[in-house]
Amino acid sequence: MTPIPCPACGKECEVRPDKRGHPFLNCRDCGYNGVIARKEAVEKFKQRTGWKPDAPPPPAPKPADPPPEPKPTPEPTSWRERKAARERGQK
Ligand SMILES: [Zn+2]
């Protein structure tokens, strides 16, 4: 956790990454809550304070696709061969 002075009371603020990875300030002393919303501001904030999101939240898991149904593997050569063999046999 990076110590950041609270903009409201000046005491040490807790900074956590929000779900987008933006710095979310939470002051335990005065109850100040604030998030740095703009990307450029987040970069500035990082440069100025050296703050890094400790654990970037993992991307939302995608709904798993249903497993593809196993298709019966056609064996064209074999039926062609069989057909050819049948035709050869008939002639
Ligand atoms: Zn405060």
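Before any of the text, the structure's been laid out above.
Residues numbered from 1 in each chain as written. Predicted model: local features only at pLDDT ≥ 70, side-chain atom pairs only at ≥ 80, totals over all residues. Heavy atoms only, no water.

Draft legend 1. A look at the overall build of the protein. When you go through the protein residue by residue, the secondary structure sums to two helices and four strands. The linear arrangement of helices and strands in the protein, starting from the amino end, is β-β-β-β-α-α. Counting over 91 residues, the protein shows a buried share of 21%. The contacts of the protein with a sequence gap of at least 6 include a subset with a gap of at least 24, amounting to 27%. A total accessible area of about 7,900 Å² is found for the protein, and carbon and sulfur atoms account for 55% of it. (Helix = DSSP H or I, 4+ residues; strand = E, 2+ residues; numbered from the N terminus. Buried < 20%, exposed > 50% of the residue type's maximum accessible area, 1.4 Å probe, protein only. Contact = heavy atoms within 4.5 Å. Areas by Shrake-Rupley, 256 points an atom, 1.4 Å probe, with all protein chains shown as cover.)

Draft legend 2. Highlighting the coordination of the zinc ion. Looking at the zinc ion, one finds its protein donor set to be Cys6 (SG), Cys9 (SG), Cys27 (SG) and Cys30 (SG), positioned 2.3 Å from the metal centre. In this structure, the zinc ion is surrounded by four donor atoms whose angles at the metal cover 107 to 117°, and the resulting shape is tetrahedral. Written as a sequence motif, the donor residues of the zinc ion are C-x2-C-x17-C-x2-C. In this pair, Cys9 is assigned in the loop between strand 1 (4-5) and strand 2 (12-17) and Cys27 in the loop between strand 3 (23-26) and strand 4 (33-35), connecting sequence segments 18 residues apart. What makes Cys9 partly exposed here is its relative accessible area of 36%. By relative accessible area, which is 2% here, Cys27 ends up buried. (Donors = N, O, S within 2.8 Å, 3.2 Å for Na, K, Ca; no water. Tetrahedral: all angles 85-135°; square planar, octahedral: opposite > 155°, others 65-115°.)

Draft legend 3. Highlighting the sheet that holds strand 2. The four strands are arranged 1-2-3-4 in an open sheet whose pairing can be described as antiparallel. The sheet is open, and its two edges are formed by strand 1 and strand 4, each paired on a single side. Looking at chain direction, strand 2 and strand 3 are connected through four bridges and run antiparallel. Paired with Pro17 across the bridge in strand 3 is Pro23. Here helix 1 (residues 39-49) sits on the sheet and contacts strand 1, strand 2 and strand 3; the angle it forms with strand 3, its principal contact strand, is near 65°. (Pairing = 2+ DSSP bridges. Axes fitted to C-alpha atoms, helices over the stretch in contact; angles between N-to-C directions.)

The analysis is restricted to geometry; functional conclusions fall outside its scope.
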